[in-house]
Amino acid sequence: MSTAIEAGPAVVGNRLLGILAFLVAIFSSAVNHELSAQQPRSSVAGGRADQAGDDTNQRLNVLLIAVDDLTCSLGCYGDPVAATPHIDRLAKQAVRFERAYCQLPLCNPSRASVLTGRRPDEIRVYDLDRHFRDQMPDLVTLPQLFKEAGWFSARVGKLYHYNVPAGIGTDGLDDPPSWHQVVNPKGRDTRDEHLITNAEPHRPISAALSWLAAEGEDTEQTDGMIATEAIRLMRAHRSEPFFIGVGFFRPHTPYVAPKKYFEHYPLERLSLPTAPEDDRDDIPPAAFAHNCPIPNYGLPERTCLQALQAYYAAVSFVDAQVGRLLDALDSMGLSERTVVVLWSDHGYHLGEHQGIWQKRCLFEESARAPLIVYAPGAEGNGQTCRRIVEFVDLYPTVAALCGLPCDPALTGRDLRPLLDAPAQSWNGRAITQVLRPGDGQQIMGRSIRTERWRYTQWNQGQSGTELYDHLKDPHEFRNLAHEEAYESVIAELRPELEAHADGLPPSTPVNAVRL
């Protein structure tokens, strides 16, 4: 269902049989207890498998919160400017993953990857148009897995891809088998588009640095309505297990938020990122996103600061809506039986490397994104995990937390060990890709991130390579790929990268205009 909202002897024998059954039960219980005592214990992994059984009251709920285009501009990630008290509160109760990476820094491919548990090369989704079922029609998505196991499954707002803002209020590029119900709010932000400031009038507001300090209340905006509808669904289905996906559209462009959030960020408190004067000299041209061909789009510094202010305002606005969701869980008594996952589809550039904005890059700011997981009873709650994890890890993790088996072909790792012991050894690595339209010939970028290194190839290295040492160079200012001293590092990283991502453009259909 889709909803669009504007806004005798026999007795003795039986007794003997009963006594025997009782003794067998006692013996079995003792044996099981002994075997259980011999197994390693995990407060997260233990005692969850039976939750997919008949006792629906014991099943964990899932609240999956997706935030569009949110980089790590959050207080809990160390941003000194961001006013995000509600997401920070969640981080203090959950495990915050310091180094979590998307599979492709573009909305449709990333979301399809997260919700299918498959890498872009498996589902052949690289652009904003292709649906994953074109390649794998019978796969079971994460919400579909829960739906088929007896959970109520619903979506409010943007989980799969939408064109923003044009698709607001529609189903977007949705997946009907995933949901029992969907709700598509449409707020005053869509009616106020004529009021939006577009710093690049030659580009649509969906792609330009554009913003609006809006009149009215939070609940009049689409994202405020999304929070309201999600709370309504949680309340209506609190007596049964639910999987509810809540997708906020901001801070995707245009950066729209009630004007009170702009007041948190006076321009004089803001500054653009700095970089060495020669920062771009050793970076291959393919590394720069085709939608941001010149530094800062050629805009003056003050205009860029206004865009930065608006971005932060939109983040704070969404943070307030996340707070409403968390408060609702508490007030309904659902917090201790609800897995809460907050993630963004990818990171986002805010002027790094002398003026890169938005996404579509394989630098740290674009590939890395927030990931916060609250699992009731997890021993690691309240801690930070600094191990390398990927967004394909979410599917097997959320399924396992709720006792649901998933396809063993999934390449992601179950993160439950890190939810109990965030500092344990993990040996993680993350693979991120992006496809460029090029000048008539597409270019595939692929990158591997380990604890120390980032190694990137463009068209198998034919269009450039990059190597950054995050121990010494966390902002990726010095490309070491062509220095002889680091050949052994590349020799170690290259096979791992080549084993997990294609190095050349795909043969399957791609809309180059929508990359």
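Notes on the structure follow. (Residues numbered from 1 in each chain as written. Predicted model: local features only at pLDDT ≥ 70, side-chain atom pairs only at ≥ 80, totals over all residues. Heavy atoms only, no water.)

**Some remarks on the overall build of the chain**
Phase 1 of the analysis: In terms of regular secondary structure, the chain is built from 14 helices and 18 strands.
Phase 2 of the analysis: Looking at the chain as a whole, 60% of its 515 residues qualify as buried.
Phase 3 of the analysis: Summing over all exposed atoms, the chain offers an accessible surface of approximately 20200 Å²; the carbon and sulfur share of this is 53%. (Helix = DSSP H or I, 4+ residues; strand = E, 2+ residues; numbered from the N terminus. Buried < 20%, exposed > 50% of the residue type's maximum accessible area, 1.4 Å probe, protein only. Areas by Shrake-Rupley, 256 points an atom, 1.4 Å probe, with all protein chains shown as cover.)

**Here we look at the pattern of salt bridges**
Two side chains with opposite charge may pair up if their charged atoms get near one another.
Phase 1 of the analysis: Taken as a whole and judged by the stated rule, the model has 32 salt bridges.
Phase 2 of the analysis: One salt bridge connects Asp 171 with Arg 155, and the closest N-O pair in it is separated by 3.3 Å. Here Asp 171 is found in the loop between strand S4 (152-157) and strand S5 (181-186), whereas its partner Arg 155 is found in strand S4, with 16 residues between them in sequence.
Phase 3 of the analysis: For Arg 446, the salt bridge identified is with Glu 498, shortest N-O distance 3.9 Å. Linking Arg 446 in strand S16 (residues 443-449) with Glu 498 in helix H14 (residues 487-500), this pair joins segments that are 52 residues apart in sequence.
Phase 4 of the analysis: Taking the relative accessible area as the measure of exposure, Arg 446 reaches 4% and is therefore buried. (Salt bridge = Lys/Arg side-chain N within 4 Å of Asp/Glu carboxyl O.)

**Here's the deal with the pairing of S16**
Phase 1 of the analysis: Counting buried positions along S16 gives 7 out of 7 residues, so the element sits mostly inside the fold.
Phase 2 of the analysis: Bridge count between strand S15 (residues 430-436) and S16: 7 bridges; the pairing is antiparallel. Considered in S16, the bridge of Ile 431 is made with Ile 448.
Phase 3 of the analysis: Turn length for the S15-S16 hairpin, with the two strands adjacent in sequence and antiparallel, is 6 residues, and the turn residue Gly 438 shows positive phi of about 65°.
Phase 4 of the analysis: Two elements, S16 and strand S17 (residues 453-458), share 5 bridges in a ladder whose sense is antiparallel. Note that in S17 the partner of Ser 447 across the bridge is Thr 456.
Phase 5 of the analysis: Hairpin geometry of S16 and S17 is characterised by an intervening segment of 3 residues between the two adjacent antiparallel strands. (Pairing = 2+ DSSP bridges.)

**Looking at the sheet that holds strand S9 (residues 255-258)**
Phase 1 of the analysis: Reading across from one edge, S6-S7-S9 is the order of the 3 strands in this open sheet, with mixed pairing throughout. A strand with exactly one partner marks an edge of an open sheet, and here the two such strands are strand S6 (197-198) and S9.
Phase 2 of the analysis: As paired elements, strand S7 (residues 210-214) and S9 share 4 bridges and run parallel to each other. Bridge pairing in S9 places Leu 212 opposite Val 256.

**Side note on the environment of Met 332**
Phase 1 of the analysis: Position of Met 332 relative to the elements: it lies in the loop between helix H9 (301-331) and strand S10 (338-344).
Phase 2 of the analysis: Of the residues examined, Met 332 reaches a relative accessible area of 12% and is grouped as buried.
Phase 3 of the analysis: Along the sequence, Met 332 and Met 234 sit 98 residues apart, while their C-alpha atoms lie 8.7 Å from each other.

**Comments concerning the packing of aromatic side chains**
Phase 1 of the analysis: For the structure shown, the criterion picks out 14 aromatic pairs.
Phase 2 of the analysis: A centroid spacing of 6.1 Å and a plane angle of 70° characterise the contact between Tyr 160 and Trp 179, whose relative ring orientation is edge-to-face. Here Trp 179 lies in the loop between S4 and S5 and Tyr 160 lies in the loop between S4 and S5, a separation of 19 residues in the sequence.
Phase 3 of the analysis: Residue classification places Trp 179 among the buried residues on the basis of a relative accessible area of 5%. (Phe/Tyr/Trp six-rings, centres within 6.5 Å; stacked < 30°, edge-to-face > 60°.)

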